[in-house]
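Commentary on secondary and tertiary structure
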Amino acid sequence: MMKKKIAAILTCAMVLAGIAGCGNSAGGAQSDVPADSKTEDEQETETENKESADSGETASVSEASGGDELSGTLVFWSGGDLSNETDLTTKWIKETVDMFAEMHPNLKVEQTYVPGGDYLTKITTEIAADNAPDVFQTWLSGRLEPFVTAGQVMPIEHMLESYPETAAIMNEKGLNLGTFDGKKYAIPLVASGEMVFYNKKVFEENGINVPATYDELLEIVETLKGKGITPCNLGISDPWPGTIPYMMIFNRLNGNDLYESVVLNKEADFANEGFVNAGNKLQELVNSGMFIETIAAISQEEAQQKFMAGESAMIIDGSWAAPNYIAALGDDVGVFNFPEIEGGKGSADDWLMNFDNAYAISPKTQNVEAAEALLAFMFSEERQAAYAETGAIIACRNVNYDKSKVPALTRDISEAFESAAYSIIPWDNPLGTDVGAELNNTTRAVITGEDPQEAFEALQDYALDAWE
């Protein structure tokens, strides 16, 4: 049975490749050692720990993360590009893992970082081969479920019980997206959303205001083109970014009922005119000259670099990229939601929002104690505060940090999320690795010129086969 489950994941990995997604604290560990075999210092430390516990004090994650007795090897994988100086998230992750390794000199921590869309393919392939890293970045909702079903992710209840300070700052809404059959499997790092970033300086120099309507957006496109400025960057060599403007347009045209029935409840109806009309509108936006001409040939990472270099007025991207844009453009970067479409049922107060960049533990790890300690340290208040101060929008709650260090852009995004009238989960998450991946292929096909009616009829056939 397990081999069949793992084979199913391997099938997903091949699809993705084709389109490119029981430890304890120090005190607990020491309690198994006979008292007469301990040194006087160890016995004294144990007594102090017991007295601290009896007095109601709780050790910090740094103090309770295993101490020097952690040994052996721990393998850690994450997406990210260490060569990219503006990738502040990956920089923070490596700094965190390095700090953890320094705290435990007898433990060897092997770190692997995989840039861009390659990570989804590589981690899926490793998991399908029953060779998952000890601690690894994953996803939530429908993308995480196949890994859990195949028995390739370890529940994290024991870790949360062992590290109450980490548990205390968890966001239950985020944890719920990684919960299956009542068990929690992953912790999200960021509260994320997808939006339009714009260069305030370019807008101001060209007399442009943030558009309130779709027609105003088209006017902006014409103005920028007339001055030789690329209106908007987007890279879909890896298909998923092309689905962002599609989802925005779909909401503005159709509202949320059809999204809920088809995407959330998986009632296949992709040939519905609502999906097709949104495809037609996306194609209209492409044909207006909104996007960079090389959209199909470049990656989203390349599109980001072009935006940060001032080569376009806008980019459609996720809030996870905000720290990079802040580092490159400072106060000259702002955000707005896709504008409303006249006659549409949706609202610009509806935001694409989710929790993302989750981390989990492999049940095959030979070093559970160290794996749990690392995960707890990553999600300690100390490290989450440091991450928040980079400008990231963290998923954890009740974290104390210096808000004066947080850029205005981060505050603007946080306020937008808090005021959202409705939250739309990016579709490829609940749709999962099969139909979600095919949705991304479909939007890429529409952007590159395929007839929307034919494209979404093909997606409907795929979904019916996948969900039968």
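Up top is the structure.
Quick caveat: nothing in here was measured; it's all calculated off a predicted structure. (Residues numbered from 1 in each chain as written. Predicted model: local features only at pLDDT ≥ 70, side-chain atom pairs only at ≥ 80, totals over all residues. Heavy atoms only, no water.)

1. Overview of the overall build of the protein
Looking only at helices and strands, one finds 22 helices and eleven strands in the protein. Here the protein holds 468 residues, and the buried ones make up 54% of them. Put simply, the protein shows about 19800 Å² of open surface, and 46% of that area lies on carbon and sulfur atoms. (Helix = DSSP H or I, 4+ residues; strand = E, 2+ residues; numbered from the N terminus. Buried < 20%, exposed > 50% of the residue type's maximum accessible area, 1.4 Å probe, protein only. Areas by Shrake-Rupley, 256 points an atom, 1.4 Å probe, with all protein chains shown as cover.)

2. Examining the packing of aromatic side chains
Here the structure, examined in full by the defined rule, presents 24 aromatic pairs. Note on F197 and Y325: the rings are 4.9 Å apart at their centroids and 70° apart in plane angle, and the pair reads as edge-to-face. Of the two residues, F197 sits in strand β6 (residues 187-199) while Y325 sits in helix α17 (residues 322-329), which places them 128 residues apart along the sequence. Taken individually, F197 and Y325 each receive the classification buried, so the pair is uniform in this respect. (Phe/Tyr/Trp six-rings, centres within 6.5 Å; stacked < 30°, edge-to-face > 60°.)

3. Thoughts on the environment of F336
On the secondary structure map, F336 appears in strand β9 (residues 333-336). Distance from F336 to D412, taken between C-alpha atoms, is 9.5 Å for residues 76 residues apart in sequence. Non-local contacts of F336, meaning those with residues more than four positions away in its chain, are made with M195, V196, Y198, F203, V210, P211, M314 and W351. (Contact = heavy atoms within 4.5 Å.)

4. Overview of a negative patch on the surface
A cluster of like negative charges, contributed by E450, D451, E454, E457, D461, D465 and E468, occupies part of the molecular surface. Tracing the chain through its elements places E454 in helix α22 (residues 452-467). (Patch = residues over 30% accessible without salt bridge, like charges linked within 9 Å, V, L, I, M, F, W, Y side chains within 5 Å. Salt bridge = Lys/Arg side-chain N within 4 Å of Asp/Glu carboxyl O. Lys, Arg positive; Asp, Glu negative; His and termini not counted. Charge placed at Lys NZ, Arg CZ, Asp CG, Glu CD.)

5. Regarding the packing of helix α7 (residues 141-149) against helix α21 (residues 428-447)
Running from amino to carboxyl end, α7 crosses α21 at an angle of 100°, the nearest separation of the two axes being 7 Å. Taken as axis vectors, α7 and α21 run roughly perpendicular relative to one another. Contacts between α7 and α21 involve S141, G142, R143 and P146 from the former and D428, N429, P430, G432, T433 and N440 from the latter. Tallied by class, residues from the contact of α7 with α21 come to two nonpolar, six polar and two charged. (Axes fitted to C-alpha atoms, helices over the stretch in contact; angles between N-to-C directions. Parallel < 35°, antiparallel > 145°, perpendicular 65-115°, else oblique. Nonpolar A, V, L, I, M, F, W, Y, C, P; charged D, E, K, R; others polar.)

6. Description of the environment of F100
Note on placement: F100 falls in helix α5 (residues 88-103). As for F100 and L375, which are separated by 275 residues in sequence, their C-alpha atoms are 10.0 Å apart.

7. Let's talk about the environment of F456
Structurally, F456 is set in helix α22. Residue class for F456 comes out buried when judged on its relative accessible area of 0%. Sequence-distant contacts of F456, defined by excluding residues within four places in its chain, comprise Y246, F270, A271, F275, V276, G279, T442 and V446.

8. A look at the side chain of D428
By the element assignment, D428 lies in helix α21. Note on D428: relative accessible area 10%, which makes it buried. Engagement of the side chain of D428 in a polar contact is seen with the side chain of R143, the distance being 2.7 Å. For D428, the side chain forms a polar contact with the side chain of N429, separated by 3.4 Å. Sequence-distant contacts of D428, defined by excluding residues within four places in its chain, comprise R143, W240, G436, L439 and N440. (Polar contact = N/O pair within 3.5 Å; in protein donor to acceptor, adjacent residues only side chain to side chain.)

9. Quick notes on the nonpolar core
In this structure, F197, M314 and W427 are the most contacted members of the largest nonpolar core, which totals 96 residues. Residues V135, Y163, M170 and I394 belong to the second largest nonpolar core, which totals 41 residues. (Core = buried A, V, L, I, M, F, W, Y, C linked by side-chain atoms within 4.5 Å.)

10. Side note on the pairing of β6
With 13 of 13 residues buried, β6 lies mostly within the body of the structure. Bridge count for β6 against strand β10 (residues 350-361) is seven bridges, and the pairing is antiparallel. Pairing of I187 across the sheet is with Y359, part of β10. Both β6 and strand β8 (residues 314-318) contribute to a ladder of five bridges, which runs antiparallel. Pairing of V196 across the sheet is with I316, part of β8. Here β6 runs beside β9; their pairing, made up of four bridges, is antiparallel. Considered in β9, the bridge of F197 is made with V335. (Pairing = 2+ DSSP bridges.)

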